[in-house]
Amino acid sequence: MTSETDHSHGPHGLGEAVAARIERRWAALSIVIVGVLVCMAAFIGIHQATMPQGRVETADPTTLHLSGEFVESNLGSALEADGSVTVRAIGQQYSFTPQCLVVPADTPITIRATSADVVHGLLIEGTNINTMLVPGYVSDLPIRFKSPGEHVMPCQEFCGIGHQGMWGKVQVVDQTAFRNMAASKRRLTCVD
Amino acid sequence: MSEEKLYSLRNPWFSISVGITVAIAVLSAVAGLIWFPLLQPNLKLSGIWDAICSAAGVPGLSTQAGAVPPAFKTSNVVMTPEMLTRQDQVSIGRGATLAQRCAICHGPQGVSDANSPNLAGQYAAVTYKELNDFKTGARVNVVMTPFAANMTDQEMRDVALYYAYLPRVPSSLVNPNLTPPAIVVTGAPMRNIPPCGSCHGEIDVKAGSPWLGGQSAVYIKAQLQAFASGARRNDISEQMRNVARQMTAEEIDQVARYYEAQP
Ligand SMILES: [Cu+2]
């Protein structure tokens, strides 16, 4: 009897039990890891990602300067009646116009931009603004800057042989400073 | 058991799985096309159909009212890379006749020492655009404005094609051994200045950018200064003002002297 008991509960049977226990623990751990990753992706996706644009709007790239919202005199930041700010800009080989965008901190901002020639990119460093400017289409992006400061805005889509020199700036100023500027001019830029 | 029909609504497995799939499709369509779009106040949707169309990506013209009109005359020329790139003998012939009145300043062969631009071999789209801008007042010059004022669109095309047809004549100042300054070769990427040649023809051509080789240094310098100060504003959407504003006085000098010595 003793020898039989020894046989079934010997070192072999014990090893099996240990292996099963460890396997269960590892399985639980990996399920937890997968769960954390999924929650992280969902959280970042909902809270920080740029949502796909809700509307498709078109604008003829060859006639932007003739009429419509992208004429030279209408580019820059506009203070809207509801207190929000609309910023309009175009990308062209090889600069953004306006070269320097000025916006208030802690204010809902809509960036509307398009391209006058080829595909350009619009990326504002330190924010999640990162989109393409496709000729013929208007890119419309909501954003809110937390605090005053300066961000660079490079073209992040190869657009031709002068691409490496194509970038602009975004200057975030505090709300009162912006309102003071907006009192005397209808479209604001920080181009000197 | 195998006699039972698989694809039949009487088979509960079949009807339940199809039912669930259809329900998911309908729910996602309602959520994606109607519910979620209507949750976004910034889309300013006017109703369910508007929500469905915008979510499905039906394109609409950008219709933002209240654009601030320009306080000065801007260029109204629609530039395309194909513009005036085809030779037209009849047009060139008419242009040759018309160009006689330009010869006093621009030279009988389109080349002169009068510090006015050399036009021989210039891109036709460039000459056409500048004539047009002089005519509309987007660019102002005491001598050129009255000349352009009475020209028809066809006459401007003819003159432009004629000058594009004339061969470039190297000026007496050509010096091919001159080392190009850094601002010409690489631009200044940190200041939003691309190499000149990425638009002006040595590397690539951007429609409306002139060939600069052999132009008078005095003229190039004056134009760069005018772009930088905003005295000249007929470059579409500030494409040249953006560059000239960032250049130093020394760089403007270097560029002017370099291009004068190029063929
Ligand atoms: Cu670009």
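Residues numbered from 1 in each chain as written. Chains lettered and ligands numbered in written order. Predicted model: local features only at pLDDT ≥ 70, side-chain atom pairs only at ≥ 80, totals over all residues. Heavy atoms only, no water.

Aromatic ring pairs are reported here in terms of the distance separating the ring centres and the angle at which the planes meet. Residues and elements named next belong to chain B. Within this structure, the stated rule accounts for four aromatic pairs over all chains. Seen in terms of ring centroids, Y7 and F14 are 5.8 Å apart; in terms of plane orientation they differ by 85 degrees. Their pairing is edge-to-face. On the basis of relative accessible area, F14 is assigned to the partly exposed category, the value being 23%. Its end group placed over the ring of Y123, R168 keeps NZ or CZ at 6.0 Å from the ring centre. Note that R233 overlies the ring of F72, its terminal NZ or CZ placed 3.6 Å from the centroid. (Phe/Tyr/Trp six-rings, centres within 6.5 Å; stacked < 30°, edge-to-face > 60°. Buried < 20%, exposed > 50% of the residue type's maximum accessible area, 1.4 Å probe, protein only. Lys NZ or Arg CZ within 6 Å of the ring centre and 35° of its normal.)

The next point concerns the coordination of the copper ion. Residue and element names in this part refer to chain A. Protein coordination at the copper ion: the donors are H120 (ND1), C155 (SG), C159 (SG) and M166 (SD), at 2.1 to 2.4 Å from the metal. One can describe the donor arrangement at the copper ion as tetrahedral, given that its four donor atoms subtend angles of 96 to 122 degrees at the metal. One chain supplies every donor to the copper ion, and in sequence these donors are spaced H-x34-C-x3-C-x6-M. Of this pair, H120 sits in strand β7 (residues 120-123) while M166 is found in the loop between β10 (149-154) and β11 (167-173), placing the two residues 46 residues apart along the sequence. (Donors = N, O, S within 2.8 Å, 3.2 Å for Na, K, Ca; no water. Tetrahedral: all angles 85-135°; square planar, octahedral: opposite > 155°, others 65-115°. Helix = DSSP H or I, 4+ residues; strand = E, 2+ residues; numbered from the N terminus.)

Time to look at the state of the cysteines. Residues and elements named next belong to chain B. Tallied over the full model, the rule gives one disulfide over all chains. No disulfide involves C102; its sulfur sits 9.0 Å from that of C105, the nearest cysteine. A residue is classified by how much of its surface remains accessible, and C102, at 18% relative accessible area, is buried. (Disulfide = S-S within 2.5 Å.)

Right, let's talk about the domain arrangement of chain A for a bit. As far as domains go, chain A holds domain 1 (16-47) and domain 2 (57-184). A C-alpha centroid distance of 43 Å is found between domain 1 of chain A and domain 2 of chain A. (Domains from an automatic or database assignment.)

Right, let's get into the pairing of strand β6 (residues 109-115) of chain A. Residues and elements named next belong to chain A. Burial analysis of β6 places six of its seven residues in the buried class, which makes it a mostly covered element. Pairing analysis gives seven bridges linking strand β3 (residues 85-92) to β6, with the strands arranged parallel. Across the sheet, R88 pairs through a bridge with R112, a residue of β6. When β6 meets strand β9 (residues 137-143), the two strands line up antiparallel, connected through five bridges. For I111, the partnering residue across the bridge sits in β9 and is L141. (Pairing = 2+ DSSP bridges.)

This paragraph deals with the pattern of salt bridges. Pairing of side chains with opposite charge becomes possible as their charged atoms draw close. Within this structure, the stated rule accounts for 18 salt bridges over all chains. Between K206(B) and D117(A) there is a salt bridge; the shortest N-O distance is 3.3 Å. Of this pair, K206(B) sits in the loop between α9 (197-200) and α10 (217-229) while D117(A) sits in the loop between β6 and β7, on two different chains. (Salt bridge = Lys/Arg side-chain N within 4 Å of Asp/Glu carboxyl O.)

Residue and element names in this part refer to chain A. The strand order β5-β11-β10 describes an open sheet built from three strands, whose pairing is mixed. Each edge of the open sheet carries a strand with a single partner, namely β5 (100-104) and β10. In this sheet, adjacent strand axes meet at a mean angle of 20 degrees when their direction is disregarded. Of the strand pairs in this sheet, β10 and β11 are connected by six bridges, and their pairing is antiparallel. The residue bridging E150 from the neighbouring strand is Q171, located in β11. (Axes fitted to C-alpha atoms, helices over the stretch in contact; angles between N-to-C directions.)

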